[in-house]
Amino acid sequence: MKIALIGASGYVGSALLKEALSRGHHVTALVSRPERLEAQANLAAAKVDVQDSAQLAEQLKGFDAVLSAFSGHAQAEQFDYFVKGIRSIIAAAKAAQAPRLLVVGGAGSLEVAPGVQLVDTPEFPEQWKASALGAREALNLLRAETELNWTLLSPSAMLEPGQRTGQFRLGKDQLLADANGDSRISVEDYAVAMIDELEKGAHPRSRFTVGY
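Residues numbered from 1 in each chain as written. Predicted model: local features only at pLDDT ≥ 70, side-chain atom pairs only at ≥ 80, totals over all residues. Heavy atoms only, no water.

Going by what an unreviewed UniProt entry lists, the protein chain is known as NAD(P)-dependent oxidoreductase and is assigned to Chromobacterium phragmitis.

Structure follows, in structure tokens:
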């Protein structure tokens, strides 16, 4: 498949890039610093300003799918920057008539009890709250979308470097936890789940989650 990958040099984006290339997909990495990407077979790179929706729309034309690993973690105003960026990506994907939009989501909007989301619990770390609220707003924007064929994948509470095992569980809107009560997934296995979704399209116009 021909994939446009926004944020391909970031923490999650680089794992998605590696997984997609390992399966033989052709990836165009849309990043702020293309020179940082190492040249590889089936990889093209282009400079992108996510906040410039008109320019982005031109860059998203002609792909089988758009994959967004856009993040606002490095910004001072994480929530505003992230929400503005997601709005721009949604508008650009629509203008480009992208067949599919797959989005890296957050764990904060997953339920830990009926009607209670993780980000709203007292234990949720304050330093991650702005980005988690931004990711929740991204999900709300996608759920209100009537034109795009979108999918959002939320990780477990802990998304950490680890191993690519290919062994994990999928869920919908509830936080997954193992027998010890730990909610975690390696970034490598998160990438497996996302590229599986890219290939199979099992969750159209919906959010799902992955965990051990």
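The discussion continues.
**Q** Please set out the overall build of the protein chain residue by residue, giving values where relevant.
**A** Counting its regular elements, the protein chain contains five helices and 12 strands. For 212 residues, the compact-globule formula gives about 17 Å, and the C-alpha radius of gyration of the protein chain, at 16 Å, lands near that figure. When its C-alpha atoms are laid out on the principal axes, the protein chain stretches across 45 × 35 × 30 Å. A total of 212 residues make up the protein chain; the buried ones form 49% of that total. Long-range contacts, defined as pairs at least 24 residues apart, comprise 71% of the intrachain contacts of the protein chain with a sequence gap of at least 6. Surface summary for the protein chain: the accessible area is close to 10,200 Å², and the carbon and sulfur share equals 50%. (Helix = DSSP H or I, 4+ residues; strand = E, 2+ residues; numbered from the N terminus. Rg over C-alpha atoms; globule rule 2.2 N^0.38 Å. Buried < 20%, exposed > 50% of the residue type's maximum accessible area, 1.4 Å probe, protein only. Contact = heavy atoms within 4.5 Å. Areas by Shrake-Rupley, 256 points an atom, 1.4 Å probe, with all protein chains shown as cover.)

**Q** Lay out the packing of aromatic side chains with the relevant residues and their values.
**A** On inspection of all chains with the given rule, the structure shows two aromatic pairs. Their ring planes at 15° and their centres at 5.6 Å tell us that phenylalanine 70 and phenylalanine 82 sit as a pair that is stacked. Residue phenylalanine 70 is found in the loop between β4 (65–68) and α3 (78–95), and its partner phenylalanine 82 is found in helix α3; the two are separated by 12 residues along the sequence. As far as burial versus exposure is concerned, phenylalanine 70 and phenylalanine 82 are alike and both buried. Each residue in the set Phe70, Tyr81 and Phe82 is aromatic and connected to the rest through ring pairs, giving one cluster. (Phe/Tyr/Trp six-rings, centres within 6.5 Å; stacked < 30°, edge-to-face > 60°.)

**Q** How would you explain the nonpolar core if you had to name every residue and give the values?
**A** Residues Leu16, Leu17, Val27, Leu67 and Met194 are the most contacted members of the largest nonpolar core, which totals 31 residues. Elements with a minimum of two residues in this core: β1 (2–6), α1 (11–22), β2 (26–31), β4, β5 (101–104), α5 (187–200) and β12 (206–211). A per-element tally of this core places α5 first, with seven residues. Of all hydrophobic cores here, the second largest spans 30 residues; its members include Ile89, Ala96, Ala98 and Ala138. (Core = buried A, V, L, I, M, F, W, Y, C linked by side-chain atoms within 4.5 Å.)

**Q** I'd like a description of the packing of α3 against helix α4 (residues 129–143), backed by residues and values.
**A** Working note: a packed helix pair is described by the angle between its axes plus the distance between those axes. At their nearest, the axes of α3 and α4 sit 8 Å apart, and the two run at 25° to each other. In this view, α3 runs roughly parallel relative to α4, as classed from their interaxial angle. In this structure, the crossing between α3 and α4 has a hand that is right-handed. From α3, Gln78, Phe79, Phe82, Val83, Ile86, Arg87 and Ile90 reach across to α4, where they touch Ala130, Ser131, Leu133, Gly134, Ala135, Glu137, Ala138, Leu141 and Leu142. (Axes fitted to C-alpha atoms, helices over the stretch in contact; angles between N-to-C directions. Parallel < 35°, antiparallel > 145°, perpendicular 65-115°, else oblique. Left-handed = near helix turned anticlockwise from the far one by under 90°.)

**Q** A description of the pairing of β1 should follow, citing residues and the corresponding values.
**A** Most of β1 sits out of view: four of its five residues are buried. In this structure, β1 lies alongside β2, joined through five bridges in parallel fashion. Its bridge partner lying in β2, alanine 4 is registered against threonine 28. Remark: the β1/α1/β2 crossover connection has right-handed handedness. Bridge analysis of β1 against β4 gives four bridges, and the strand direction is parallel. Considered in β4, the bridge of isoleucine 3 is made with alanine 65. (Pairing = 2+ DSSP bridges. Right-handed = clockwise from strand over helix to strand, strands pointing away.)

**Q** Give a detailed account of the packing of α1 against α5, specifying residues and quantitative values.
**A** Running from N to C, α1 and α5 cross one another at 60°; their axes reach a closest spacing of 9 Å. The orientation of α1 relative to α5 falls into the category oblique. Seen from above, α1 lies across α5 with right-handed handedness. Residues Tyr11, Val12, Ala15, Leu16, Glu19 and Ala20 of α1 touch α5, and the partners they reach there are Val187, Tyr190, Ala191, Val192, Met194 and Ile195. Residue composition of the contact of α1 with α5, by class: 11 nonpolar, no polar and one charged. (Nonpolar A, V, L, I, M, F, W, Y, C, P; charged D, E, K, R; others polar.)

**Q** So, the side chain of serine 109: which residues are in play, and what are the values?
**A** Inspection of the secondary structure puts serine 109 in the loop between β5 and β6 (111–113). Classification of serine 109 as buried rests on a relative accessible area of 5%.

**Q** Account for the pairing of strand β8 (residues 150–154), naming residues and giving values.
**A** With five of five residues buried, β8 lies mostly within the body of the structure. Side chains Trp150, Leu152 and Ser154 of β8 all project onto a buried face; the interleaved residues Thr151 and Leu153 project onto the opposite face, where all are buried too. Where β5 meets β8, four bridges bridge the pair, whose relative direction is parallel. Bridge assignment links valine 104 to a residue of β8, and that residue is leucine 153.

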